[in-house]
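Architecture and fold: a report
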Amino acid sequence: MDRLHPLHQQSMQYHSVRNQPRTTEKNTFKEVLAQTEDLQFSKHAQTRMKQRGIALSLEQVNLLNEKMVEAKSKGVTESLVLTKDAALIVNTHKRTVITAMSRGEADAHIFTNINGTILLNK
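Residues numbered from 1 in each chain as written. Predicted model: local features only at pLDDT ≥ 70, side-chain atom pairs only at ≥ 80, totals over all residues. Heavy atoms only, no water.

**Observations concerning the sheet that holds strand β4 (residues 96–102)**
Taken in spatial order, the 5 strands line up as β1-β4-β3-β2-β5 in an open sheet, and their pairing is mixed. Among the strands making up the open sheet, the edge pair consists of β1 (40–41) and β5 (117–119). Of the strand pairs in this sheet, β1 and β4 are connected by 2 bridges, and their pairing is parallel. Among the inter-strand pairings, F41 is bridged to a residue of β4, identified as V97. In the packing of helix α3 (residues 43–52) onto the sheet, the strands contacted are β1 and β4, and the crossing angle to β4 comes to about 20°. (Pairing = 2+ DSSP bridges. Helix = DSSP H or I, 4+ residues; strand = E, 2+ residues; numbered from the N terminus. Contact = heavy atoms within 4.5 Å. Axes fitted to C-alpha atoms, helices over the stretch in contact; angles between N-to-C directions.)

**Notes on the side chain of T83**
Tracing the backbone shows T83 in the loop between β2 (78–82) and β3 (86–91). Given a relative accessible area of 2%, T83 falls into the buried group. Looking at T83, its side chain comes within polar contact range of the main-chain nitrogen of A86, at 2.8 Å. (Buried < 20%, exposed > 50% of the residue type's maximum accessible area, 1.4 Å probe, protein only. Polar contact = N/O pair within 3.5 Å; in protein donor to acceptor, adjacent residues only side chain to side chain.)

**Observations regarding the side chain of T96**
With respect to the helices, strands and loops of the structure, T96 is situated in strand β4. Discounting residues that sit within four places of it in the chain, T96 has contacts with L39, Q40, F41, S42, M68, I89, V90 and N91.

**Side note on the nonpolar core**
One finds L64, V81, L88 and V97 to be the most contacted residues of the largest nonpolar core, which totals 18 residues. Taken together, the elements giving at least two residues each to this core come down to α3, α4 (58–73), β3 and β4. If one sorts the elements of this core by residue count, α4 sits on top with 4 residues. Once residues lying within four places of it in the same chain are set aside, the contact partners of V97 are L39, Q40, F41, S42, A45, L64, L88, I89 and V90. Core analysis: the next-biggest nonpolar cluster, separate from the first, contains 6 residues, L82, A87, I89 and A106 among them. (Core = buried A, V, L, I, M, F, W, Y, C linked by side-chain atoms within 4.5 Å.)

Written out as C-alpha cells, the structure is:
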C-alpha cells in the first residue's frame, strides 16, 4: 500500500537529461568552443605588422581573444581594434586579424565596412 499522496508521487519523479532543452547544451558548447579557438593573423596582416614594426604582447592577444568573443556574441562581424600603438581590422567569425597599421597611419584613414570597435588600452 502506497502512503504518498498522488501529488507527492508526481513531484518525486526524476527528470532525465533528455527532457532538458538541447539549446542550452548547444549554446554552452558553442561558447566554450569559441573561447578555445585561437586567434589567427592573415598573411596580409603578418606582412603589414612586420613591415610596420607592430608587435602585440601575449596580454594583448589574450585580451583581444576575449573581446572578439564578446563582440561576436553581440553580432559584430568586422571590427576596428585600437591599441595604444596599432589599429587592426579583425573578422570575428573567422577570428582573424585581417590587416594592421600603426596608430599614426590610422589617424589619416577612414574605416569602412566595420560594424564595431574594440578599444584595448594595454
